[in-house]
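# Inside the fold
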Protein chains: 2
Amino acid sequence: METNIPFPEPLAPRFSGLATDLYQLTMAAAYHAHGRNDRASFELFVRKLPPERAYFVVAGLQQALEYLHTLSFNAEEIAYLRSLPVFANVAPEFWDYLREFRFTGDIWAMPEGTLAFGNEPLLRVTAPLIEAQLVETFLLTTLNFQTLIASKAARMVAAAQGRSIIEFGARRCHSFGAALYAARAAFIGGCAGTSNVEAGHLFNIPVYGTAAHSFTMSYEREIDAFRAYHEVFPETTTLLLDTYDTLNAARMATEFGAKLRGVRLDSGDLVAFSKQVRAIFDEAGMQHVKIMASNDLNEFKITELLAAGAPIDLFGIGTELSTSRDMPALGGVYKLVELERNGHTEPKMKLSREKATYPYRKQVWRQ
Amino acid sequence: METNIPFPEPLAPRFSGLATDLYQLTMAAAYHAHGRNDRASFELFVRKLPPERAYFVVAGLQQALEYLHTLSFNAEEIAYLRSLPVFANVAPEFWDYLREFRFTGDIWAMPEGTLAFGNEPLLRVTAPLIEAQLVETFLLTTLNFQTLIASKAARMVAAAQGRSIIEFGARRCHSFGAALYAARAAFIGGCAGTSNVEAGHLFNIPVYGTAAHSFTMSYEREIDAFRAYHEVFPETTTLLLDTYDTLNAARMATEFGAKLRGVRLDSGDLVAFSKQVRAIFDEAGMQHVKIMASNDLNEFKITELLAAGAPIDLFGIGTELSTSRDMPALGGVYKLVELERNGHTEPKMKLSREKATYPYRKQVWRQ
């Protein structure tokens, strides 16, 4: 489950210090006013595995590190903060501190692609208290989301039993930025590629695509659409069959012979259609044509399709993968576990009933 | 439900043409090769309302327009596309076309904040076919997500019966970019503000914050933490009460008297605790202290809390709002409805059983 993605340069030349929750900045101001900036250790972990998940696949570390590496506050951002009434009583020295702010702490973390379980720290920050606190929101956002999607992808990859899964979910993602990171996390989780061209470009992930119903509909006759597409992509055509009549379209597609790479089914009874379409191509001597299925698939439906003997060669998965629809949020938390004071390390723990935490830094052992 | 947000400049100086699904670009190449670029109309709509939703609140139009306004392909992006094996047979003229590409079409759309229902076009694009097709993915991503969150926010605002709701969900959002747009959409849906400082800065949304458990834990005694915070924020302190013992903390908080603005409860039985905490402050003559509740709340829990008489004044809502946890994806689609050919407008419709579409452009009438 380990992976090696050749990572690009950071996506942003600089991450803004405003990319956080306000209370991180009010706490920072309070710590600063009281000269409290001793080294602290925070751990980022998920208390327990969500339902239907047996493990996590860690992802997002690269973006977390890019953030820590470039984090700063520019003059305009500091002016915005000073304009907020909540900071009316904060001393000018705090703004001087933010102007010079750089993250100087240390990070321990699981490599991306690592399997992890509940209550295991995915990442630990040891840094001056203010720095360690300020970065909480962004670190949680980044690791929570990418780990969520990588873990969901791994489930689908396992269900597909060796068949390829392509991430197709950009249009249902939570902003196009989310789509980029979903594609990346899905690849770390074992997907073969993505439909997202910018993700392919930025993260060096294989990109895949077929055609849309609108392409077929834009031609007067379906066969004209198929021919027009095949003429431009003679070696790589995957025809979409279900705009009007799936089986009729499959029979038309047999005219493309040896050069047709695949067909896609995006509606209807995928078990019945895939078997009938397979039979049409096999009878035409086109055993090489791959059948791709899409249409709100997930790991449970993949399992059912394969159990029913559907001759599907690859799956295009959108919403269920790219938003982790059955569990769209990972509840990772970031908790203070140690604090130095006067050169002495103190353990820290919270006692509230549902949210107690364990004190001291922890090490996750991997063989 | 209409709103007026003073919008900032576009977040990106230029949106990349690669921010799309690969098949939009393969279809574009096929259309280009065959000289097919007559004007087409596509409509963006959601087929039906999701469960537990009685309406949509439209959001995301501003970002959709920023995208259309700045969309282009630079030389490096075109070089990347040309490096993909799928484009091996595409004529050089297509790359010339992309180099000069600008969106020249027309847009009709519902204003942000409008209520909408199933099968109503939220946005219509009329443009040369290639342009109209290329922009599909980004438009869907943007309107699907922001409309989803604005609609969820409106439900929570209704449930709160006049009490304020603050969006607190950045750490559970699908990337920090998603967190920005979730904050914006939540504000359009009626929330009073966000914890997300960058969203406050970019979109001119009020920002709110309290303090975290780690702040309390970083002091040897809880009362020292409360005093340290109050000293820096004497006019605006909201103390977090549930790090160790909620009622004990409430009694300690009475020492801050008239200047204490509020307290936050983030765990435990919110009905019982809010009543007990209210009684402690009322007995101390501190009727002005507001009680904020957080901890995985949603519109159903808000309704229950208020029905049980919980004296909660405002709600901080994270995951359930910012990821729309019970329905984390809006299945908006973008369908070809008209195509001009030789100066003649042809209706377009798809006939596949579950996914049939209505032909011709539609107008949604609002009084």
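Residues numbered from 1 in each chain as written. Chains lettered and ligands numbered in written order. Predicted model: local features only at pLDDT ≥ 70, side-chain atom pairs only at ≥ 80, totals over all residues. Heavy atoms only, no water.

### Thoughts on the overall build of chain A
- A count of helices and strands for chain A gives 14 helices and 13 strands.
- Judged by the C-alpha coordinates and their principal axes, chain A covers about 80 × 45 × 30 Å.
- Here chain A, with 367 residues, has 63% of them falling under the buried criterion.
- Contacts in chain A between residues far apart in sequence, at least 24 positions, make up 74% of those at least 6 positions apart.
- Where the 36 positive side-chain charges of chain A centre and where its 41 negative ones centre are 5 Å apart. (Helix = DSSP H or I, 4+ residues; strand = E, 2+ residues; numbered from the N terminus. Buried < 20%, exposed > 50% of the residue type's maximum accessible area, 1.4 Å probe, protein only. Contact = heavy atoms within 4.5 Å. Lys, Arg positive; Asp, Glu negative; His and termini not counted. Charge placed at Lys NZ, Arg CZ, Asp CG, Glu CD.)

### Digging into the interface of chain A and chain B
- Listed by partner, the interface residues are 104 residues for chain A and 104 residues for chain B.
- For the pairing of chain A and chain B, the buried interface totals around 8300 Å² over both sides, and the portion due to carbon and sulfur atoms is 61%.
- For the pair chain A and chain B, the number of links is six salt bridges.
- Put simply, D21 of chain B and R171 of chain A hold a salt bridge, and the shortest N to O gap is 3.1 Å.
- Counting the contacts that link chain A with chain B gives 45 residue pairs in polar contact (both at pLDDT 80 or more).
- The greatest single-element share of the side of chain A that touches chain B, amounting to 10 residues, is contributed by helix α1 (residues 22–33) of chain A. (Buried area = accessible area lost by both parts, 1.4 Å probe. Salt bridge = Lys/Arg side-chain N within 4 Å of Asp/Glu carboxyl O. Polar contact = N/O pair within 3.5 Å; in protein donor to acceptor, adjacent residues only side chain to side chain.)

### Quick look at the domain arrangement of chain A
Residue and element names in this part refer to chain A.
- Parsing chain A into structural domains produces domain 1 (22–149 + 328–355) and domain 2 (150–322).
- A C-alpha centroid distance of 40 Å is found between domain 1 and domain 2.
- Domain 1 puts 17 residues into the contact, and the matching count from domain 2 is 17 residues.
- Contact between domain 1 and domain 2 buries roughly 1300 Å² in total, counting both sides, with carbon and sulfur atoms accounting for 57%.
- For the pair domain 1 and domain 2, the number of links is one salt bridge.
- For E112, the salt bridge is made with R184, and the minimal N-O distance between the two is 2.8 Å. (Domains from an automatic or database assignment.)

### Some thoughts on the nonpolar core
- By size, the foremost hydrophobic cluster in this structure holds 253 residues, and its most contacted members are L81, F87 and F315 of chain A together with L81, F87 and F315 of chain B.
- Ignoring any residue separated from it by four or fewer positions in sequence, one finds F315 of chain A in contact with A160, R163, S164, I165, I166, M292, A293, L297, I302, L305 and L306 of chain A. (Core = buried A, V, L, I, M, F, W, Y, C linked by side-chain atoms within 4.5 Å.)

### Description of the packing of helix α11 (residues 246–253) of chain A against helix α12 (residues 270–283) of chain A
All names here are of chain A.
- Packing of α11 against α12 brings their axes to within 9 Å, and their N-to-C directions diverge by 25°. Considering the angle they form, α11 stands roughly parallel to α12. Pair α11 / α12 crosses with right-handed handedness. Touching T246, L247, A250, R251 and A253 of α11 are F273, Q276, V277, I280 and F281, all from α12.
- Grouping the amino acids of the contact of α11 with α12 by side-chain chemistry returns seven nonpolar, two polar and one charged. (Axes fitted to C-alpha atoms, helices over the stretch in contact; angles between N-to-C directions. Parallel < 35°, antiparallel > 145°, perpendicular 65-115°, else oblique. Left-handed = near helix turned anticlockwise from the far one by under 90°. Nonpolar A, V, L, I, M, F, W, Y, C, P; charged D, E, K, R; others polar.)

### Remarks on the packing of aromatic side chains
- Inspection of every chain in the model, using the stated rule, returns 32 aromatic pairs over all chains.
- When the ring of Y31 of chain A is compared with that of F215 of chain B, the centres are 4.8 Å apart and the planes differ by 35°; the resulting orientation is tilted. Taken together, the residues span two chains, with Y31 of chain A in helix α1 and F215 of chain B in helix α9 (residues 213–217).
- The exposure class assigned to Y31 of chain A is buried, which follows from its relative accessible area of 0%. (Phe/Tyr/Trp six-rings, centres within 6.5 Å; stacked < 30°, edge-to-face > 60°.)

### As for the pairing of strand β13 (residues 344–347) of chain B
- Across four bridges, the pairing between strand β12 (residues 332–341) of chain B and β13 of chain B is antiparallel. By the bridge assignment, L339 of chain B is partnered in β13 of chain B with E346 of chain B. (Pairing = 2+ DSSP bridges.)

### With respect to helix α4 (residues 92–99) of chain A
Residue and element names in this part refer to chain A.
- By the burial criterion, the buried members of α4 are F94, W95, Y97 and L98. Viewed along the axis of α4, the buried residues span an arc of 155°, placing them on a single side of the element.
- Looking at the packing, one finds that the buried side of α4 touches α1, α3 (75–83) and α5 (129–134). (Arc of directions from axis to C-beta.)

### Some remarks on helix α2 (residues 61–70) of chain B
Residue and element names in this part refer to chain B.
- In terms of burial, α2 is largely enclosed, as seven of its 10 residues are buried.
- Taken as a whole, α2 has its buried residues at L61, Q63, A64, E66, Y67, L68 and T70.
- The secondary structure elements touched by the buried residues of α2 are β3 (106–109), β5 (123–128), α5 (129–134), α6 (136–159), α7 (176–188) and α8 (197–203).

### Observations regarding the relation of the copies chain A and chain B
- Superposing chain A onto chain B takes a rotation of 180° combined with a translation of 0.0 Å along the rotation axis, leaving an RMSD of 0.0 Å. The transformation just described matches what one would write down for a two-fold rotation axis.
- Comparing contact sets, 100% of the residues at the interface of chain A also lie at the interface in chain B, consistent with an isologous, same-surface contact. (Least-squares fit on C-alpha atoms with pLDDT ≥ 70 in both.)

### Some remarks on the packing of α3 of chain A against α4 of chain A
All names here are of chain A.
- One way to put it is that α3 packs onto α4 with a least axis distance of 10 Å and a crossing angle of 150°. Accordingly, the angle class assigned to the pair α3 and α4 is roughly antiparallel. Regarding α3 and α4, the two cross each other, and that crossing is right-handed. Between α3, through I78, L81 and R82, and α4, the contact on the second element is made entirely by W95, L98 and R99.

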